[in-house]
Amino acid sequence: MRRTSASLVAGTLVAALAWASSPSSPAVALDPSVGVADLTQDLNQILSDSRLTIARAGVVVKSAESGEELYATDAGKLLIPASNTKLFTSAAAAETLGLDYRFTTSVLSTGRKAGKVLTGDLVLRGTGDPTMLAEDYDALAAKVAGAGVKVVTGKLVADDTWFDARRLGNDWAWDDETAYYAAPISALTASPDKDYDAGSVIVAVSAENGKVKVTTTPDTGYLKIVNRATAGSETDVLIERQHGTRTVVITGTVADPYQEWVAVDDPTAYASSLFRESLARHGVKVLGRTVTGAAPEGAKELAEHESMTLGELLVPFMKLSNNIHAEILTKAMGRKAANQGTWAAGLKVTTDFAKANGAQVINMRDGSGLSRRDGFSPGSIVQFLSAVRGKPWFDTWYESLPVAGNADRFVGGTLRSRMRDTAAAGNVHAKTGSLTGVTALSGYVTSADGEPLIFSIMLNQYLSGSPKDIEDKIAVRLAQFSRTSAGGDPVQLRATDPGPAGDLECSWLKPAQC
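Residues numbered from 1 in each chain as written. Predicted model: local features only at pLDDT ≥ 70, side-chain atom pairs only at ≥ 80, totals over all residues. Heavy atoms only, no water.

A.B. asks: How should the overall build of the protein be read in this particular structure?
C.D. replies: A tally of helices and strands in the protein yields ten helices and 23 strands. Residues classed as buried in the protein amount to 59% of the 514 residues present. A sequence separation of at least 24 residues applies to 71% of the contacts in the protein between residues at least 6 apart. For the protein, the accessible area works out to roughly 19,300 Å², and carbon and sulfur atoms hold 49% of it. (Helix = DSSP H or I, 4+ residues; strand = E, 2+ residues; numbered from the N terminus. Buried < 20%, exposed > 50% of the residue type's maximum accessible area, 1.4 Å probe, protein only. Contact = heavy atoms within 4.5 Å. Areas by Shrake-Rupley, 256 points an atom, 1.4 Å probe, with all protein chains shown as cover.)

A.B. asks: Can you walk me through helix α7 (residues 343-356) in this structure?
C.D. replies: At 3.6 residues per turn, the α-helix brings residues three or four places apart onto the same side. Taking 1.5 Å as the rise per residue, α7 with 14 residues should run 20 Å; its terminal C-alpha atoms sit 20 Å apart, in good agreement. Listed in full, the buried residues belonging to α7 are Trp 343, Ala 345, Gly 346, Leu 347, Val 349, Thr 350, Thr 351, Phe 353 and Ala 354. Close packing links the buried residues of α7 with α2 (85-96), α6 (323-338), β19 (362-363) and α8 (378-387). Taken from the residues just after α7, Gly 358 is the one with a positive phi, measuring 95°. (Expected span 1.5 Å × (residues − 1).)

A.B. asks: Just checking my understanding: could you explain the environment of Asn 427 for this structure?
C.D. replies: By the secondary structure assignment, Asn 427 is in the loop between α9 (394-399) and β21 (429-435). C-alpha separation for the pair Asn 427 and Ser 447, spaced 20 residues apart in sequence, amounts to 9.0 Å. Not counting residues within four places of it along the chain, the set of residues in contact with Asn 427 comprises Tyr 398, Tyr 444, Val 445, Thr 446 and Ala 479.

A.B. asks: Whenever I open this one, the pairing of strand β3 (residues 104-109) confuses me. Can you help?
C.D. replies: Consecutive residues of a regular strand have side chains that alternate between opposite faces of the sheet. When you tally the buried positions in β3, you get five out of six residues, the bulk of the element. Bridge count for β3 against strand β6 (residues 122-125) is four bridges, and the pairing is antiparallel. Within the sheet, the bridge partner assigned to Val 107 lies in β6 and is Leu 124. (Pairing = 2+ DSSP bridges.)

A.B. asks: Teacher, can you tell me more about the confidence of the model for the protein here?
C.D. replies: Note that predicted coordinates carrying low pLDDT should not be read in detail. Taken as a whole, the protein shows an average pLDDT of 90; of its residues, 88% reach a score of 70 or greater. Considering only residues more than four positions removed or in separate chains, one finds that residues 494-502, a stretch of pLDDT under 50, has 25 contacts. (pLDDT = per-residue confidence, 0-100.)

A.B. asks: Would you mind going over the pattern of salt bridges with me for this structure?
C.D. replies: Overall, the coordinates contain 19 salt bridges when judged by the stated rule. Note that Arg 477 and Asp 38 form a salt bridge whose closest N and O atoms lie 2.6 Å from each other. One end of the pair, Arg 477, is in helix α10 (residues 468-480); the other, Asp 38, is in helix α1 (residues 34-46), and 439 residues separate them in sequence. Both residues of the pair, Arg 477 and Asp 38, belong to the buried class. Glu 95 serves as the salt-bridge partner of Lys 391, at 3.9 Å between the closest nitrogen and oxygen. Here Lys 391 is found in the loop between α8 and α9, whereas its partner Glu 95 is found in helix α2, with 296 residues between them in sequence. (Salt bridge = Lys/Arg side-chain N within 4 Å of Asp/Glu carboxyl O.)

A.B. asks: Just to check I follow, could you spell out the sheet that holds strand β22 (residues 438-446) for this structure?
C.D. replies: Adjacent strands of a sheet form backbone hydrogen bonds with each other and so pair up, either parallel or antiparallel. If you walk across this open sheet you meet the five strands as β2-β1-β23-β22-β21, and the pairing is antiparallel. The sheet is open, and its two borders are formed by β2 (69-73) and β21, each paired with just one other strand. Adjacent strand axes in the sheet meet at a mean angle of 5° when their direction is disregarded. Bridge analysis of β22 against strand β23 (residues 452-460) gives nine bridges, and the strand direction is antiparallel. The residue bridging Thr 446 from the neighbouring strand is Pro 452, located in β23. Where α8 meets the sheet, it contacts β1 (56-63), β22 and β23, and its direction lies at approximately 150° from that of β23. (Axes fitted to C-alpha atoms, helices over the stretch in contact; angles between N-to-C directions.)

A.B. asks: For this particular structure, what's the right way to read the packing of α2 against α7?
C.D. replies: Axis angle and axis distance: for two packed helices, these are the angle between their axes and the distance between the axes, and together they describe the pair. Where α2 meets α7, the axes come as close as 9 Å, and the angle between the chain directions of the two elements is 95°. Comparing the axis directions of α2 and α7 gives the class roughly perpendicular. On α7, the residues touching Phe 88, Thr 89, Ala 91, Ala 92, Glu 95 and Thr 96 of α2 are Val 349, Thr 350, Phe 353 and Ala 354. (Parallel < 35°, antiparallel > 145°, perpendicular 65-115°, else oblique.)

A.B. asks: Whenever I open this one, the sheet that holds strand β15 (residues 258-263) confuses me. Can you help?
C.D. replies: On the basis of which strands lie adjacent, the open sheet formed by three strands has the order β10-β9-β15 and antiparallel pairing. Among the strands making up the open sheet, the edge pair consists of β10 (211-217) and β15. Put simply, the sheet's adjacent strands are angled 25° from each other on average, direction ignored. Here strand β9 (residues 200-208) pairs with β10 via seven bridges, running antiparallel. Note that in β10 the partner of Ser 206 across the bridge is Lys 213.

A.B. asks: How should the packing of α2 against helix α5 (residues 310-319) be read in this particular structure?
C.D. replies: Closest axis-to-axis distance for the α2/α5 pair is 11 Å, and the angle between their directions is 175°. Considering the angle they form, α2 stands roughly antiparallel to α5. Along its contact with α2, which presents Lys 86, Leu 87, Ser 90, Ala 93 and Ala 94, the element α5 presents Leu 310, Leu 314, Phe 317 and Met 318. Considered class by class, the residues forming the contact of α2 with α5 number seven nonpolar, one polar and one charged. (Nonpolar A, V, L, I, M, F, W, Y, C, P; charged D, E, K, R; others polar.)

A.B. asks: Could you clarify how one ought to interpret unusual backbone geometry in this entry?
C.D. replies: Outside of glycine, negative phi angles account for most residues, and trans bonds account for most peptide bonds. In this structure, the amide linkage connecting Thr 217 to the following residue, Pro 218, adopts the cis form with an omega of 0°. Along the chain, Pro 218 turns up in the loop between β10 and β11 (224-227). Phi at Met 419 takes a positive value of approximately 65°, unusual for a residue other than glycine. Taking the relative accessible area as the measure of exposure, Met 419 reaches 0% and is therefore buried. Although it is not a glycine, Asp 421 adopts a positive phi angle of roughly 60°. Here Asp 421 shows up in the loop between α9 and β21.

A.B. asks: I would appreciate a short explanation of the pairing of β1 in the present structure.
C.D. replies: Among the eight residues of β1, seven are classified as buried, and the element is accordingly described as predominantly covered. Of the pairings in the sheet, the one linking β1 to β23 comprises eight bridges and is antiparallel in character. Residue pairing in the sheet places Val 61 in a bridge with Phe 455 of β23. Pairing analysis gives four bridges linking β1 to β2, with the strands arranged antiparallel. Across the sheet, the residue bridging to Val 59 is Thr 73, located in β2. Taking the residues between adjacent antiparallel strands as the criterion, β1 and β2 are bridged by five residues, where Gly 67 takes a positive phi near 80°.

A.B. asks: Would you mind going over the packing of aromatic side chains with me for this structure?
C.D. replies: Aromatic ring pairs are defined here through the distance separating the ring centres and the angle between the ring planes. Overall, the coordinates contain 13 aromatic pairs when judged by the stated rule. With a centroid separation of 5.8 Å and 85° between ring planes, the pair formed by Phe 353 and Phe 384 is classed as edge-to-face. Residue Phe 353 is located in helix α7, and its partner Phe 384 is located in helix α8; the two are separated by 31 residues in the primary sequence. Considered together, Phe 353 and Phe 384 belong to a single accessibility category, that of buried residues. Cluster of aromatic residues (ring-pair linked, three or more members): Phe 88, Phe 353, Phe 376, Phe 384, Trp 393, Phe 394, Trp 397, Tyr 398 and Tyr 444. Between Lys 331 and the ring centre of Trp 343, over which it is positioned, the NZ or CZ distance is 4.1 Å. When the ring centre of Trp 162 is taken as origin, the NZ or CZ atom of Arg 335, which lies over that ring, is 3.9 Å away. (Phe/Tyr/Trp six-rings, centres within 6.5 Å; stacked < 30°, edge-to-face > 60°. Lys NZ or Arg CZ within 6 Å of the ring centre and 35° of its normal.)

Dropping the structure here:
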């Protein structure tokens, strides 16, 4: 079983804090105490890093108990949040759908059954479940066979109409189209693993007897594999799906086993192919072809699968910064609130919720933060993080945030390699955000005095050298903050190397987990 993160350090406190934006100006201490003045001086020093000379940096720190602003620079400026966008999407989903929300995938029949023959169509209907595995489709097929159906005279109908037909989000980069972290969105999809990377297949290569062997997870014939790789003395291989096709071309040399997560071109067709293959394995023959369409009224249910709850899904979603979960939940919110499984309807739900909870500076183009046109201010993020502490689902949501320095992927998440052996380790609960030239870290930390603090750090438009260590230095300094004493020794960081991911979320570079 997966472990959950440590208990709340400070517990849940209900606070309604007023947000106040600051103009672009040097940060000033708003408290005359030695501790706050010392904090201001140290944070100013950290932000004087030469990598930020031509960049934009917005930082806000507030006391969760009193609402006092301890530090602010460019608090009201609109900055690119990257995956900090998921703070808003996940919280809105908890509020709108509820922690007990489950996705359902069902099999329906039309016509009538006579003996072992179903005269009519078989319908596979989805509602967006990102946790559906090949084995779950196989279990549905087993239930159909268990109901005594051996022949279906009609078609296999893939009903993905719970969501609209738009597959890719606003402003997503063309060269991300085949990447698993930008996989297309559908109400029918499948994941290859229990990170639940919906809409992707794991393609693995290995060298055996001087030849390169290719396997896929799940084992499926959906993709067309063109293997041009050769066995060699080192592994230098490229596994890439050609744009707009099902063809995966493999080139280079292979010595050691290697695998890559590849987004499929059409998740509905992918999921229905898995189901059709499972039906055949269980002795159910569908005579007609596979088509897409809505289940007709009066179709009878033969089998159903329910996902884990949203409360459980928040862990892989937030710990591993799963973009596809964010987009599926966005459309699910639109479907519930406006009966429209669209980005427009879902983003309105999230935006309205964010504004109602203090996010005054906000521009949302997707649910995950892949769009470079997403924008929030650090002041709005801090106010939002303050407001949601009073929500009944807060404890579960807070536990889903990555925890600094905890090596367990489902506790530390994208912070598991950062801030180890510092005052921030096991203390900072925060969401990371990463795009090229963009990094962000926003969340919660308890000071050395036991005072709960809320912070947002947004760094944009730097050119080289990931400044994630700057975020870490600030977070560690906040963990060391005391109102009654100076900061002491300069911030020392250990085990903060973000590893091979560089400017991307650690879990995005799948086989090189950092």
